[in-house]
Amino acid sequence: MRRFSCFGPLKHLKKVSAYFIRSFYPSSSEGKMEQNGTNIDSNLLERFEREIWSKIPHLEKNGTKVVNATPLTDITQDLKECAKKEFNINLDDKDLKIFGKFDSNLLAGSIKVRPAVNIIHDAIATGKLKSGQTIFEATSGNFGIALGQLSKIGLDVVALVSRKLQDGVFEELRNEKIRIINLDMDICPAPGMKDSPNVLAAKATAANIKSQLSELGFDPTIFENAITEAHELLAKQDIINLAKLLAKIYNCYCPEQYDNESNIEIHRTVTAAEIDQQLHEKELSLEDFRIVCTFGTGGTSGGLSRYMSEKYGKKAIHVVFPIAAQDVAGIRTKSKAEGLKFYEPQQYAGQHEVDFEQTKRLLKFFVDKGHDMGESSALALYAVMQMANFGGVGGKFVVIVADGIQKYKKNLESMAKKQSRTQVSLEEAVSSVGDYDKVIWIHTQYTPREEGIELLAKTLGIDKSKIIVPKARDAERLLMAQQIPEDLNKALEGSHKSLLVCMAGYTSLNAVQVFGKKGIATESLTGGISGISQGKGKQIADLIKIATE
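Notes on the structure follow. (Residues numbered from 1 in each chain as written. Predicted model: local features only at pLDDT ≥ 70, side-chain atom pairs only at ≥ 80, totals over all residues. Heavy atoms only, no water.)

Another aspect to go through is the packing of helix H9 (residues 227-235) against helix H10 (residues 239-249). Packing of H9 against H10 leaves a shortest axis separation of 8 Å and a crossing angle of 160°. Taken together, H9 and H10 sit at an angle that is classed as roughly antiparallel. Every pair of crossing elements has a handedness; the one defined by H9 and H10 is left-handed. The segment H9 lies against H10, with Glu229, Ala230, Leu233 and Leu234 engaging Ile239, Asn241, Leu242 and Leu245. Class assignment for the residues of the contact of H9 with H10 results in six nonpolar, one polar and one charged. (Axes fitted to C-alpha atoms, helices over the stretch in contact; angles between N-to-C directions. Helix = DSSP H or I, 4+ residues; strand = E, 2+ residues; numbered from the N terminus. Parallel < 35°, antiparallel > 145°, perpendicular 65-115°, else oblique. Left-handed = near helix turned anticlockwise from the far one by under 90°. Contact = heavy atoms within 4.5 Å. Nonpolar A, V, L, I, M, F, W, Y, C, P; charged D, E, K, R; others polar.)

With respect to the helices and strands, glutamine 212 occurs in helix H7 (residues 199-215). Only 2.4 Å separates the side chain of glutamine 212 from the side chain of asparagine 208, close enough to count as a polar contact. Ignoring anything within four residues of it in the chain, the contact list for glutamine 212 reads Ile180, Ile181 and Asn182. (Polar contact = N/O pair within 3.5 Å; in protein donor to acceptor, adjacent residues only side chain to side chain.)

Another point: the sheet that holds strand E12 (residues 350-354). Here we have six strands laid out as an open sheet, ordered E5-E6-E13-E10-E11-E12, and mixed in their pairing. A single partner strand is all that each edge strand has here, and the edge strands are strand E5 (72-74) and E12. With direction set aside, neighbouring strand axes in the sheet form an average angle of 25°. With four bridges joining them, strand E10 (residues 290-294) and strand E11 (residues 317-322) adopt parallel strand pairing. Directly across from isoleucine 291, in E11, lies its bridge partner isoleucine 317. (Pairing = 2+ DSSP bridges.)

With that out of the way, let us pick up unusual backbone geometry. Across the chain, the bulk of peptide bonds are trans and the bulk of non-glycine residues have phi less than zero. A positive phi angle, near 55°, is found at glutamate 256, a position not held by glycine. Turning to its location among the elements, glutamate 256 is positioned in the loop between H10 and helix H11 (261-281). Given a relative accessible area of 33%, glutamate 256 falls into the partly exposed group. Residue glutamate 283 is not a glycine yet carries a positive backbone phi of 60°. Here glutamate 283 is to be found in the loop between H11 and E10. (Buried < 20%, exposed > 50% of the residue type's maximum accessible area, 1.4 Å probe, protein only.)

Turning to H11, a few remarks are in order. Taking 1.5 Å per residue as the helical rise, H11 with its 21 residues ought to reach 30 Å, and the 30 Å between its terminal C-alpha atoms agrees with that figure. Of all 21 residues in H11, 15 are buried, a share of seventy percent or more. The opening residue of H11 is asparagine 260, an N-cap whose side-chain oxygen sits 2.9 Å from the backbone nitrogen of serine 262. Of the residues flanking the end of H11, it is glutamate 283, one or two places downstream, whose phi is positive at about 60°. (Expected span 1.5 Å × (residues − 1).)

A separate point is the pattern of salt bridges. The tally for this structure, following the rule as stated, stands at 26 salt bridges. Linking arginine 179 and aspartate 156 is a salt bridge whose minimum nitrogen-to-oxygen distance equals 2.7 Å. One end of the pair, arginine 179, is in strand E9 (residues 179-183); the other, aspartate 156, is in strand E8 (residues 156-162), and 23 residues separate them in sequence. Since its relative accessible area comes to 24%, aspartate 156 is described here as partly exposed. Here glutamate 486 and lysine 490 are joined by a salt bridge, their closest N and O atoms 3.4 Å apart. (Salt bridge = Lys/Arg side-chain N within 4 Å of Asp/Glu carboxyl O.)

Counting through the fold element by element, threonine 70 comes out in the loop between strand E4 (66-67) and E5. When sequence neighbours within four positions are dropped, the list of residues in contact with threonine 70 reads Pro57, Lys101, Phe102, Asp103, Leu106, Arg114, Glu274 and Gln278.

Moving on: helix H4 (residues 113-125). For H4, spanning 13 residues, the distance from its first C-alpha to its last is 18 Å, which sits close to the expected 18 Å at 1.5 Å a residue. Of all 13 residues making up H4, eleven are buried, and the element is well covered by its neighbours. Within H4, the full set of buried residues consists of Val113, Arg114, Pro115, Ala116, Val117, Asn118, Ile119, Ile120, His121, Ala123 and Ile124. Backbone geometry just downstream of H4 places glycine 127 in the positive-phi region, at approximately 85°.

Take the pairing of strand E19 (residues 522-525) next. Burial along E19 is two-sided: the face carrying Thr522 and Ser524 and the face carrying Glu523 and Leu525 are both buried. Strand direction decides the pairing type here: strand E14 (residues 423-424) and E19, joined by two bridges, are parallel. Paired with valine 424 across the strands is leucine 525, a residue of E19. With three bridges joining them, strand E18 (residues 498-501) and E19 adopt parallel strand pairing. The residue bridging leucine 499 from the neighbouring strand is glutamate 523, located in E19. Traced from E18 through helix H21 (residues 506-517) to E19, the parallel crossover comes out right-handed. (Right-handed = clockwise from strand over helix to strand, strands pointing away.)

Let's shift gears to the packing of H7 against H9. Here H7 crosses H9 at 120°, and the two axes come no closer than 8 Å. Taken together, H7 and H9 sit at an angle that is classed as oblique. Once H7 is placed against H9, the crossing between them reads as right-handed. In contact with Ala202, Lys203, Thr205, Ala206 and Ile209 of H7, H9 contributes Ile227, His231, Leu234 and Ala235.

Moving on to the environment of glycine 303. Mapped onto the secondary structure, glycine 303 falls in helix H12 (residues 299-312). For the pair formed by glycine 303 and valine 270, sequence separation is 33 residues and the distance between their alpha carbons is 9.2 Å. Other than its neighbours up to four places away in sequence, glycine 303 contacts Ile264, His267 and Arg268.

Attention now moves to the packing of aromatic side chains. Evaluated as defined, the whole model comprises ten aromatic pairs. Three or more aromatic residues joined by ring pairs form one cluster here, namely Phe295, Phe321, Tyr343 and Tyr348. (Phe/Tyr/Trp six-rings, centres within 6.5 Å; stacked < 30°, edge-to-face > 60°.)

Written out as structure tokens, the structure is:
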């Protein structure tokens, strides 16, 4: 296998690309120009502005008007109808005006294309990013999907993602030709997480990353030379700074969406101005409105807050979070927002924690009405409904509809029909252990020690011969290729229903979904063997080890 850094892969294709650019975009020095002493890839900048920048909202050259604005739609009556029909809440007598800002209409389908395009534009225009470079970034979905637009101009993107991502998000990342490094941990914890470092998990994950880098064509010895720093970051689950490290050691570029001020600026200078412009066209003023949005990186809330403070001298942003421990695609809980640079609670008019389970009926209602909105938008709208219900006579709101329903369609469809359960608590598993023909360990990095198998068997009240431990590489193939390897298929033969167990419950839950598509009944043990070890006062390192095959 040929190894490369960011400036070395596929040299023959680069020659063809260079010829194409020179032929259609001739300029001196083959498209490079000096600007303030910086070497700018002018051909790349020209293509980027023509093929991507020109298609998203941006200020005209005179800086007075936003072009390519996304729809600002009056959804007042739909929310009132939803409140009454789905939640038995009567808002008819409330003086309400609610607009949805539908950024689901944007190129790449989400609000994240705004900061992504702005950050990349700045990087090219300042000489930080040039043709032939690769981009590394940690993403929970939409920002990575937005970066996928760069394939149109020949830039390569490697996204660090969590296996906790929904299938639809993975599918869109693949559709955008994003190359993926899968991590069996949360992509969203704040940098410098204070939890006790898990050295064992860090080493196993680092080995997994090294293998995936090699498969993507990167020289693994370069990563090995930075292994100490990688272990430190992984022990803290700091995937954000891991992306920066990979970009640094391979001489690549990292957008650093969680720390890049351009993430704030694009919403201050364009998104907020765009909403204000559209309301003025309706003979209304943003000064009179509250803006409601969820929290991903903090860029949207930060930029909108600064605009409202600077222009109208007021706090008007209401930030919405799912309640603790809930996973909503790309959205942080409040506790995970607190470690981020752009979490600025002193700038908000309010913070709201919403139970996502309560919003699912609202999401289905609005999608059935023809509104293209995703899970985070349902959280924000539910918060507005509650503010309207308990906040007196009414109010004026703009709700940021950050993305559309496409990625979440499978989840939405599951709301419409009764589904068999996919995961069970330890208590449920013990009480119904007779329903399982087999207990199968499923993980891509770890395998249980004999002590772990014995503890699992004793806790469930079964003979340990009933526990099957497939090879880690079979688990990897199952999740990556969405196909059941031969050895694993044999292990499942004759099984009516199996209980899947992994490290913490995430890998086994994803495996349940794959098996379900194949018509194989399985359930995932919530919390995995980590939950058992904590309950029994055992050290997890005594129960598992790094898989060798």
